[in-house]
Amino acid sequence: MFNLKSILITASVVAAASTAVAQEKPALAFVVNAASDFWKLSEAGVKAAQAELPGYDLQFRYPAQGTAALQNALMDDLVAAGTDAIMISSADPKNSIDAFNRIAAQVPLFTTDSDAPDSNRIAYLGSSNTAAGVQAGEIAVEAMPDGGKCMGFVGFLGADNAVERIAGFRQAVEGSGIELVDVRGDDVDFARARSNVDDVLAANPDITCMVGFYSYNPPKIYEALQAAGKLGEITVIAFDEDPITLGAVREGSFAGTVVQDPYQWGYQGMKLMAAYLEGDKSGIPDDGLIIVPTKKINKDNVDAFEAELKARIGG
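Just so it is clear, the model here is predicted, and its values are computed rather than measured. (Residues numbered from 1 in each chain as written. Predicted model: local features only at pLDDT ≥ 70, side-chain atom pairs only at ≥ 80, totals over all residues. Heavy atoms only, no water.)

1. Examining the overall build of the protein
Here is step 1 of the chain: In terms of regular secondary structure, the protein is built from eleven helices and twelve strands.
Here is step 2 of the chain: Referenced to the eigenvectors of the C-alpha coordinate spread, the extents of the protein come out at roughly 90 × 40 × 35 Å.
Here is step 3 of the chain: The proportion of buried residues among the 315 residues of the protein is 51%.
Here is step 4 of the chain: In the protein, once contacts between residues fewer than 6 apart in sequence are set aside, the share between residues at least 24 apart is 72%.
Here is step 5 of the chain: Carbon and sulfur atoms make up 52% of the accessible area of the protein, which amounts to about 14100 Å² in all.
Here is step 6 of the chain: Charge separation in the protein, taken as the distance between the mean sites of 24 positive and 42 negative side-chain charges, equals 4 Å. (Helix = DSSP H or I, 4+ residues; strand = E, 2+ residues; numbered from the N terminus. Buried < 20%, exposed > 50% of the residue type's maximum accessible area, 1.4 Å probe, protein only. Contact = heavy atoms within 4.5 Å. Areas by Shrake-Rupley, 256 points an atom, 1.4 Å probe, with all protein chains shown as cover. Lys, Arg positive; Asp, Glu negative; His and termini not counted. Charge placed at Lys NZ, Arg CZ, Asp CG, Glu CD.)

Okay, here's the thing in structure tokens:
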């Protein structure tokens, strides 16, 4: 005859063992720089990687606000909770070196989107932001053969991705008669991003071109130009694949946009960290840079590109 007490004890032991096994799964975290729809593709990439890495717990984390202090506090919390490796898009790499090195001394640390090359991170996986800036400049040169004056808009002026995109743009337009007069930062404050454009429209009538260097900047440019009745009068060069941006490219209100592949950052990033934890470091190049190519989107290829995006997010 079965002893009910023995059965209950055995069941409890099995349940406890199962919980322990679940808790022992290595945890990998992807930490972004701010809340933005741009990151939905990376989240989809992490989800796809999770299906192929059942032995890992993959997490996608947003800081409470887009500041280096809150990013760093989130990483501290993740390490304290037992996270085994972290990939992060740094909001302010130059002022986060000490914090990054503290984290890197405890768990493998990787960067994406915005690098922190002076830290002890293991590798960067993402776009060449300089190359992306060059591509944006090429769109401008093609759209404005007679030159013009451009104003740029970006989130974090000091972030590596911003600095490199701006430098690449200036490199590409050199000698073309196109001038990037200035770049206005907004610290990922969407209301400020819109007011920056409104202020330029009011105070700088000589501006004939606008460049949105972060994903949400082009939609804010679109809103402001639409409200001012100037859509189509000012040449706009965009970054990333916000639906408003793609719609503006399709209708001809924007000259084009440079798109990254954040889906692959999430997907490849998780696979890279899992392999690293398992002792496979073959995916880490000598220079620590794993570049995912960017590409130019215009009226000719925007429909095909948008269909690809929908398939990825829907999948």
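From this point, things continue past the structure.
2. Some words on the sheet that holds strand S1 (residues 27-31)
To summarise the sheet geometry, strands pair through backbone hydrogen bonds and adopt either a parallel or an antiparallel arrangement.
Here is step 1 of the chain: The six strands are arranged S2-S1-S3-S4-S5-S11 in an open sheet whose pairing can be described as parallel. Each edge of the sheet is formed by a strand with only one pairing partner; in this case those strands are strand S2 (57-61) and strand S11 (289-291). Within the sheet, the average angular offset between the axes of one strand and its neighbour, ignoring direction, is 20°.
Here is step 2 of the chain: For strand S4 (residues 109-112) and strand S5 (residues 124-126), the ladder comprises two bridges, and the chain directions are parallel. Across the sheet, the residue bridging to Thr 111 is Tyr 124, located in S5.
Here is step 3 of the chain: The sheet contacts of helix H3 (residues 68-80) involve S1, S2, strand S3 (85-88) and S4, and relative to S3 the element is tilted by about 165°. (Pairing = 2+ DSSP bridges. Axes fitted to C-alpha atoms, helices over the stretch in contact; angles between N-to-C directions.)

3. Section: the packing of aromatic side chains
Here is step 1 of the chain: Evaluated as defined, the whole model comprises 14 aromatic pairs.
Here is step 2 of the chain: Here the aromatic residues Phe 30, Phe 38, Trp 39, Phe 60, Tyr 62 and Trp 265 are joined through ring pairs into a cluster of three or more. (Phe/Tyr/Trp six-rings, centres within 6.5 Å; stacked < 30°, edge-to-face > 60°.)

4. Considerations on helix H2 (residues 40-52)
Here is step 1 of the chain: For H2, with 13 residues, the first-to-last C-alpha span of 19 Å sits near the 18 Å given by 1.5 Å per residue.
Here is step 2 of the chain: Packing partners of the buried residues in H2 comprise S1, S2, helix H10 (262-277) and helix H11 (302-314). (Expected span 1.5 Å × (residues − 1).)

Spatial relationships are all this shows, so hold off on functional conclusions.
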